[in-house]
Number of protein chains: 2
Amino acid sequence: MALIVQKFGGSSVADRDRIFNVARIVANTHAAGNDVVVVVSAQGDTTDDLIAKAGEITHDPSQREMDMLLATGEQISISLLAMALGETGCPAISLTGWQAGFHTDRAYTRARIKNLDTERIESELSKNRVVVVAGFQGLNRYDDITTLGRGGSDTSAVAIAAALHADLCQIYTDVDGVYTADPRLVPRARKLDEITFDEMLELASLGAQVLNNRSVELAKKYSVNLEVRSSLTDLPGTIVKEVTDVEGMLIKGVAKDKDVAVISILEVPDVPGASFKVFSLMAQKKINVDIILQSSGKEGHKDVIFTVPLGDAETALALLEENRQRFGCRDIVVDKDVAKVSIVGAGMQSHSGVASRMFEALFEANINIRMISTSEIKISVLIAKADADRAVNAIHDAFLN
Amino acid sequence: MALIVQKFGGSSVADRDRIFNVARIVANTHAAGNDVVVVVSAQGDTTDDLIAKAGEITHDPSQREMDMLLATGEQISISLLAMALGETGCPAISLTGWQAGFHTDRAYTRARIKNLDTERIESELSKNRVVVVAGFQGLNRYDDITTLGRGGSDTSAVAIAAALHADLCQIYTDVDGVYTADPRLVPRARKLDEITFDEMLELASLGAQVLNNRSVELAKKYSVNLEVRSSLTDLPGTIVKEVTDVEGMLIKGVAKDKDVAVISILEVPDVPGASFKVFSLMAQKKINVDIILQSSGKEGHKDVIFTVPLGDAETALALLEENRQRFGCRDIVVDKDVAKVSIVGAGMQSHSGVASRMFEALFEANINIRMISTSEIKISVLIAKADADRAVNAIHDAFLN
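Residues numbered from 1 in each chain as written. Chains lettered and ligands numbered in written order. Predicted model: local features only at pLDDT ≥ 70, side-chain atom pairs only at ≥ 80, totals over all residues. Heavy atoms only, no water.

This part is about the overall build of chain A. The secondary structure content of chain A amounts to 12 helices and 20 strands. With the C-alpha coordinates aligned to their principal axes, the bounding extent of chain A is approximately 75 × 50 × 35 Å. In chain A, which comprises 401 residues, the share counted as buried stands at 56%. Long-range contacts, defined here as pairs at least 24 residues apart, represent 74% of the contacts in chain A between residues at least 6 apart. A total accessible area of about 17000 Å² is found for chain A, and carbon and sulfur atoms account for 48% of it. Across chain A, the 42 positively charged side chains and the 55 negatively charged ones have centroids separated by 3 Å. (Helix = DSSP H or I, 4+ residues; strand = E, 2+ residues; numbered from the N terminus. Buried < 20%, exposed > 50% of the residue type's maximum accessible area, 1.4 Å probe, protein only. Contact = heavy atoms within 4.5 Å. Areas by Shrake-Rupley, 256 points an atom, 1.4 Å probe, with all protein chains shown as cover. Lys, Arg positive; Asp, Glu negative; His and termini not counted. Charge placed at Lys NZ, Arg CZ, Asp CG, Glu CD.)

Residue and element names in this part refer to chain A. UniProt tags Thr 47 and Glu 74 as "binding site: substrate" (unreviewed entry). Spatial clustering of the annotated residues is evident: they stretch over 28 residues in sequence, but the largest pairwise C-alpha distance comes to 8.9 Å. Locating Thr 47 in the fold gives a position in helix α2 (residues 46–57). Judged by relative accessible area, which is 13%, Thr 47 ranks as buried. Contact partners of Thr 47, with chain neighbours within four places excluded, come to Ala 42, Leu 70, Glu 74 and Arg 150. (UniProt positions renumbered as here; feature names shortened; annotations may be inferred.)

Opposite the 40 residues of chain B that make contact, chain A presents 40 residues. Counting across the chain B and chain A interface gives 2 salt bridges. With its nearest N and O atoms 2.8 Å apart, the salt bridge here joins Arg 120 of chain B to Asp 144 of chain A. There are 18 residue pairs in polar contact (both at pLDDT 80 or more) connecting chain B and chain A. When residues of the side of chain B that touches chain A are traced back to their parent elements, those giving at least two are α1 (16–31), α2 (46–57), α3 (63–87) and β3 (92–95) of chain B. (Salt bridge = Lys/Arg side-chain N within 4 Å of Asp/Glu carboxyl O. Polar contact = N/O pair within 3.5 Å; in protein donor to acceptor, adjacent residues only side chain to side chain.)

All names here are of chain A. Secondary-structure assignment places Thr 146 in strand β8 (residues 145–147). On the basis of relative accessible area, Thr 146 is assigned to the buried category, the value being 0%. Side chain to side chain, Thr 146 and Thr 104 meet in a polar contact 2.8 Å long. When residues no more than four places from it in sequence are discounted, the contact partners of Thr 146 are Asp 67, Thr 104, Asp 105, Tyr 108, Ala 111, Phe 136, Gln 137, Gly 138, Leu 139 and Asn 140.

Take the nonpolar core next. Counting residues in each nonpolar core, the largest one holds 72 residues, and the members touching the most others are Leu 81 and Leu 85 of chain A together with Leu 81 and Leu 85 of chain B. Discounting residues that sit within four places of it in the chain, Leu 85 of chain A has contacts with Ala 23, Val 26, Ala 27, Cys 90, Ala 92, Val 130 and Val 132 of chain A. (Core = buried A, V, L, I, M, F, W, Y, C linked by side-chain atoms within 4.5 Å.)

For the rest of this paragraph, the subject is the UniProt feature "binding site: ATP" (unreviewed entry) in chain A. All names here are of chain A. According to UniProt, the positions carrying the feature "binding site: ATP" (unreviewed entry) are Lys 7, Phe 8, Gly 9, Gly 10, Thr 173, Asp 174, Tyr 179 and Arg 184. These annotated residues cover 178 residues of sequence, and their C-alpha atoms reach 24.0 Å apart at the extreme, placing them across more than a single site. When you line up the elements, Phe 8 lands in strand β1 (residues 3–8). Other than its neighbours up to four places away in sequence, Phe 8 contacts Val 22, Ile 25, Val 26, Val 38, Val 39, Val 40, Ser 41, Tyr 172 and Ser 231. Tracing the chain through its elements places Asp 174 in the loop between β9 (168–173) and β10 (194–196). Those residues within four positions of Asp 174 in sequence are excluded, and the remaining contacts are Ser 11, Arg 18 and Ser 230. For Asp 174, the side chain forms a polar contact with the side chain of Ser 11, separated by 3.0 Å.

As a further point, take the sheet that holds strand β1 (residues 3–8) of chain B. Residues and elements named next belong to chain B. The strand order across the open sheet built from 8 strands is β3-β6-β2-β1-β9-β11-β12-β10, with neighbouring strands paired in mixed fashion. Pairing within the sheet leaves two strands with one partner each, and these edge strands are β3 and β10 (194–196). Strand-to-strand twist of the sheet, defined as the mean angle between neighbouring strand axes without regard to direction, takes the value 20°. Of the strand pairs in this sheet, β1 and strand β2 (residues 35–40) are connected by 6 bridges, and their pairing is parallel. Pairing of Leu 3 across the sheet is with Asp 35, part of β2. (Pairing = 2+ DSSP bridges. Axes fitted to C-alpha atoms, helices over the stretch in contact; angles between N-to-C directions.)

Okay, the relation of the copies chain B and chain A next. At an RMSD of 0.2 Å, chain B and chain A line up after a rotation of 180° and a shift of 0.0 Å along the axis. Each copy turns onto its partner about a two-fold axis. Considering only C-alpha atoms, the part of chain B nearest the rotation axis is Thr 72 of chain B, at 2.7 Å. (Least-squares fit on C-alpha atoms with pLDDT ≥ 70 in both.)

Here Ile 76 of chain A lies in helix α3 (residues 63–87). Given the relative accessible area of 9%, Ile 76 of chain A is considered buried. With 36 residues separating them along the chain, Ile 76 of chain A and Val 40 of chain A place their C-alpha atoms 10.0 Å apart. The contact partners of Ile 76 of chain A, leaving out residues within four places of it in the chain, are Gln 43 of chain A together with Leu 50, Lys 53, Leu 69 and Thr 72 of chain B.

Moving on to the pairing of strand β19 (residues 371–375) of chain B. Pairing geometry for β19 of chain B and strand β20 (residues 378–384) of chain B, over 5 bridges, is antiparallel. Paired with Thr 374 of chain B across the two strands is Ile 379 of chain B, which belongs to β20 of chain B.

All names here are of chain A. Spanning 25 residues, α3 covers 37 Å between terminal C-alpha atoms, matching the ideal 36 Å at 1.5 Å per step. Of all 25 residues making up α3, 22 are buried, and the element is well covered by its neighbours. Within two residues after α3, Gly 89 carries a phi angle of roughly 90°, on the positive side. (Expected span 1.5 Å × (residues − 1).)

Right, here's the structure in full:
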């Protein structure tokens, strides 16, 4: 007898058969004596279809009206799933985001949850009902509907699990857990039984798109045990929690991120404040700078080299060109043909030799390293985009086979 | 400067072009200096599509979940219309039924409005915004979404007009007003400039499907001036109000109703309570009995003959057969090949000769009258279904040309 939150994404409720598959999983969990809260996203392509409808009307829709529109997607899913549960003989009731008590800030299309009033959910649970909650949405203090942004349903599920002190929050997806690398890319990739929140965060931010980052941060903050598992098999998935068994495998995964560009500002006069000027410009435009490398170039000059998300590269370049006079540099160059490949694992820094083993694997694969970045639990290298897949396999072979 | 409520049905907002047509009408009304509240239904076939989705899941859906599902239809319409108004340069905000303050009883799928809290609507109007409200829906005292049943958006519009003491409630439809008869059937049918609530109610209940009856009853109760007009032309429509100019045309319209069946209980012993037994049975099953005719048959016996809605005929027959012993009748017969044709006009009873002119017109068209029913403002005759269209034309020619 436990309290379990289960979250199902849009593809898991895309049609009648998949809705009944979800109903079966939920009903079985309930029949085993558990209290169950289910969080669902909009069906399949519904959100995209709604965005297209708005696009026919205007290219610059009011964000408030977009949220009003998009929130219907989950409302359709919850009612259909509640009906399917009823048909399966499992008592269930659906709740929209506002009925479930989600209060958010006023930032339409990317709202943040401020608090969750669990009174209604708890009242329905006490009647032995499965509670089916619309993910991705809430209500701001003007009583207007807000949405949490793409992937927000994961966050909704974790928020409910945190507020109800649930024993487990299961995130059902198309994959059956978190892998040591992308299984489509690395045939020998293995499913992890456990991973820590921090490792999961690094993997997610490095391009392993299994869990929404905000949801992992929230789970870490409130110590919510997460499980990533497949709605298509009955196999156990991967548990994400605070501390995992650190014996055994040290490296948890290899990830690649192709959404990256390198900007090189060459031959900046080597005086204090040069880097500050560059990065305060980036900060003003909310461009995330990741790896930074500052090297000495010609005498009295240095090169400032850093990575930005691929989509921000042109904006960053234009901004730097505008302010070129202030840097006094010789040239500004953008390279988009790069990728970042990383290994992630808690406690890695305390184990010597991890970095050198990674570099050795790349050397043996004849892959040139352009930049290196390390943290407590990851080592990232920047390489040519064309080498990315080979690099992931080489590193995976070196650590995980 | 007035306060005007405008209601647009599903076909008026079925696609992008029609939404912008509605936006144009609304924006013009607002630009002319009026406060405007707009009530819209779900787009085109959306409601039917949602019902079909539910039908894939279960044939016996929870009514609460049906309302949760169906309410998304209007929510999509209001957001798209608010976007179109914004694109047109007209300030607008959309409100769901619950945001607009609609409180209903708990009867899912056919809820009745209990009260309307106009605070939010008035607050938005005071900001010079057009308020776009989702018709057809409200919230019950459990904070659950309810719907008002088909045609409920008319009722929503009239309820807002009543609560805000609006100067006019315009119901936009596919037709450009209320006609003296169905124009598809009677080529010489004419549009009425004015009609009273009571006349409109009789016409609606007699099969002229222009306005939802509940909305007319509500408009009469709160003296809301209604106008029925077309969203496809800029012509004035028909004003529905308490008292119209009774000079000029006396007869307002001719209507036919094919949704009717006659049940004849033959040779019931002529003792007190016979009719009571029959009609209390009908009342128990909520079957509406319309025309009743009780004639003397053979000595000491009578025939009890009455009409019911066609869809209830079999239920009524089965019920009567079950209780046949109690009536002691000779036979029970149902005839579904009938139609009711009526003329409607306030003050008709005080004008002699109306009935005889109607019967004369039918006699000249060689149409046999089976039953007759009269009220303050209408005369109905029951005839063979095959004669219905000829009867409508004959009566229309006699009174309205």
